[in-house]
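What follows is each chain in one-letter form.
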Amino acid sequence: MTELKCTNPEAGKLIGRYELGALDDALREEFVKHLLECEFCHNELLVMAPFTDVLREYREAVMRGEVPAPSRRAPAQPRIAAWRRANGVRLAAAASLVVAISVGALICMYQLMKEPGEDQGAALQLPGGVTIPKAPFVAGPEVPVTRSQEFGDTFQRAMAAYERDDFATAAERLEVLCRLVPDHADAQFYWGVSLLFAGRPDDAIVPLRKAIRLNTGHQQEACRFYLAAAYVKSGRMDEALAELGNVIALGGQHGEDAEKLKSIVTRMK
């Protein structure tokens, strides 16, 4: 059996910083494109996941004040030595990861990922004091599978991040999945909601629109409601009113909130 290799080692070096959310938009886009054609890096993400998930969770706990931030000392030498036993892309990824592990740097990155005044908690603040919760996740029977069965775990990993309100991580993972499996309704919907709650309403609009086309019934109402919220956060009030009208017409669980928000947006115009 032929051993897998990274198709572009230069792009592969970004893997550690990608997993910790430390890439700027241009480099993140470059690495996402690389993931679409490199099975080796897909598998590397799975290997790194347990470690980066712990780091992300710890970073969130530090930011919430639940645990004190440790000193900025460099990681213990035995740990570095263990990483150095890897080679090729793994070595580059490990080096990137070690650099990013500094808690002070992680905290700064977390702050930079948030828009000024944007709360990344599980409730979204809209004009007029309207607060909407994140969309609940109910696992469906269909799990998206990509080029390898193992990488199908990306959806579960993304939703695990979503469930713990780490919307930036969920959005990153769902973006890759949606590019590989563009017609998966749940992935598109939760990608859009994750972007919205991560303070990126403009970016949330396209996946939420696509989720509307892919969904039917009560789930389409949810798609339209969160799309309306994205329009409001983006200042696109005419489109927000039109979408809120669609939500009200469907007569579902978001109808009351849609009525209230529509009244507020109408007064704002």
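Calculation criteria
Residues numbered from 1 in each chain as written. Predicted model: local features only at pLDDT ≥ 70, side-chain atom pairs only at ≥ 80, totals over all residues. Heavy atoms only, no water. Helix = DSSP H or I, 4+ residues; strand = E, 2+ residues; numbered from the N terminus. Buried < 20%, exposed > 50% of the residue type's maximum accessible area, 1.4 Å probe, protein only. Areas by Shrake-Rupley, 256 points an atom, 1.4 Å probe, with all protein chains shown as cover. Axes fitted to C-alpha atoms, helices over the stretch in contact; angles between N-to-C directions. Parallel < 35°, antiparallel > 145°, perpendicular 65-115°, else oblique. Left-handed = near helix turned anticlockwise from the far one by under 90°. Contact = heavy atoms within 4.5 Å. Nonpolar A, V, L, I, M, F, W, Y, C, P; charged D, E, K, R; others polar. Salt bridge = Lys/Arg side-chain N within 4 Å of Asp/Glu carboxyl O. Expected span 1.5 Å × (residues − 1). Core = buried A, V, L, I, M, F, W, Y, C linked by side-chain atoms within 4.5 Å. Phe/Tyr/Trp six-rings, centres within 6.5 Å; stacked < 30°, edge-to-face > 60°. pLDDT = per-residue confidence, 0-100. Pairing = 2+ DSSP bridges.

1. A word on the overall build of the chain
Here's step 1: Counting its regular elements, the chain contains 14 helices and two strands.
Here's step 2: Burial analysis of the chain (269 residues in total) assigns 48% to the buried set.
Here's step 3: For the chain, the accessible area works out to roughly 13300 Å², and carbon and sulfur atoms hold 54% of it.

2. Describing the packing of helix H10 (residues 185–197) against helix H11 (residues 201–214)
Here's step 1: Two elements in contact, H10 and H11, have axes separated by 8 Å at closest approach and are oriented at 155°. Overall, the two elements H10 and H11 adopt an arrangement that is roughly antiparallel. At the point where H10 passes H11, the crossing takes the left-handed sense. Where H10 approaches H11, its residues Ala185, Gln188, Phe189, Trp191, Gly192, Val193, Leu195 and Leu196 are matched on the opposing element by Pro201, Asp203, Ala204, Pro207, Leu208, Lys210, Ala211 and Leu214.
Here's step 2: Tallied by class, residues from the contact of H10 with H11 come to 12 nonpolar, two polar and two charged.

3. Re the pattern of salt bridges
Here's step 1: Under the defined criterion, the tally for this structure stands at eight salt bridges.
Here's step 2: Put simply, Glu243 and Arg224 hold a salt bridge, and the shortest N to O gap is 2.5 Å. Residue Glu243 is found in helix H13 (residues 237–250), and its partner Arg224 is found in helix H12 (residues 217–233); the two are separated by 19 residues along the sequence. Exposure class is identical for Glu243 and Arg224. Each is buried.

4. Quick notes on helix H8 (residues 153–163)
Here's step 1: Buried within H8 are the following residues: Thr154, Phe155, Arg157, Ala158, Met159, Ala161 and Tyr162.
Here's step 2: Of the residues trailing H8, Asp165 is marked for its positive phi of about 65°.

5. Comments concerning H13
Side chains that are three or four residues apart share a direction in an α-helix, a result of its 3.6 residues per turn.
Here's step 1: Here H13 contains 14 residues, and its C-alpha end-to-end distance of 20 Å stays within 8% of the 20 Å for a straight helix at 1.5 Å per residue.
Here's step 2: For H13, the complete set of buried residues consists of Met237, Ala240, Leu241, Glu243, Leu244 and Val247.
Here's step 3: Packed against the buried residues of H13 are H11, H12 and helix H14 (255–268).
Here's step 4: Gly251 lies just past H13 and shows a positive phi near 60°.

6. Section: the nonpolar core
Here's step 1: Residues Leu174, Phe189 and Tyr226 are the most contacted members of the largest nonpolar core, which totals 50 residues.
Here's step 2: Among the elements that line this core, the one with the most residues is H12, at 10 residues.

7. Let's talk about the packing of aromatic side chains
Here's step 1: Overall, the coordinates contain nine aromatic pairs when judged by the stated rule.
Here's step 2: The interplanar angle of 70° and the centroid separation of 5.3 Å between the aromatic rings of Tyr162 and Tyr190 together place this pair among those described as edge-to-face. Residue Tyr162 is found in helix H8, and its partner Tyr190 is found in helix H10; the two are separated by 28 residues along the sequence.
Here's step 3: When the ring of Phe225 is compared with that of Tyr226, the centres are 5.6 Å apart and the planes differ by 80°; the resulting orientation is edge-to-face.

8. Focus on the environment of Phe137
Here's step 1: Tracing the backbone through its elements, the reader meets Phe137 in the loop between strand S2 (130–133) and H8.
Here's step 2: Along the sequence, Phe137 and Met159 sit 22 residues apart, while their C-alpha atoms lie 7.7 Å from each other.
Here's step 3: Among residues more than four places away in sequence, those in contact with Phe137 are Phe155, Met159, Tyr162, Glu163 and Tyr190.

9. Looking at unusual backbone geometry
Here's step 1: Not every positive phi belongs to a glycine, and Asp165 is a case in point at roughly 65°.
Here's step 2: With respect to the helices, strands and loops of the structure, Asp165 is situated in the loop between H8 and helix H9 (167–180).
Here's step 3: Given a relative accessible area of 26%, Asp165 falls into the partly exposed group.

10. Examining the confidence of the model for the chain
Here's step 1: Per-residue pLDDT for the chain has a mean of 75; in total, 64% of the residues score no lower than 70.
Here's step 2: Per-residue pLDDT stays below 50 along residues 98–121; that stretch engages in 41 contacts with residues further than four places along the chain or on separate chains.

11. Section: the pairing of strand S1 (residues 123–126)
Here's step 1: Side chains of S1 alternate between two faces, with Leu124 and Leu126 buried and Ala123 and Gln125 left unburied.
Here's step 2: By the bridge criterion, four bridges tie S1 to S2 in an arrangement that is antiparallel. Across the sheet, Leu124 pairs through a bridge with Ile132, a residue of S2.
Here's step 3: Where S1 folds back onto S2 in an antiparallel hairpin, the turn is made up of three residues, including Gly128, whose phi is positive at roughly 75°.

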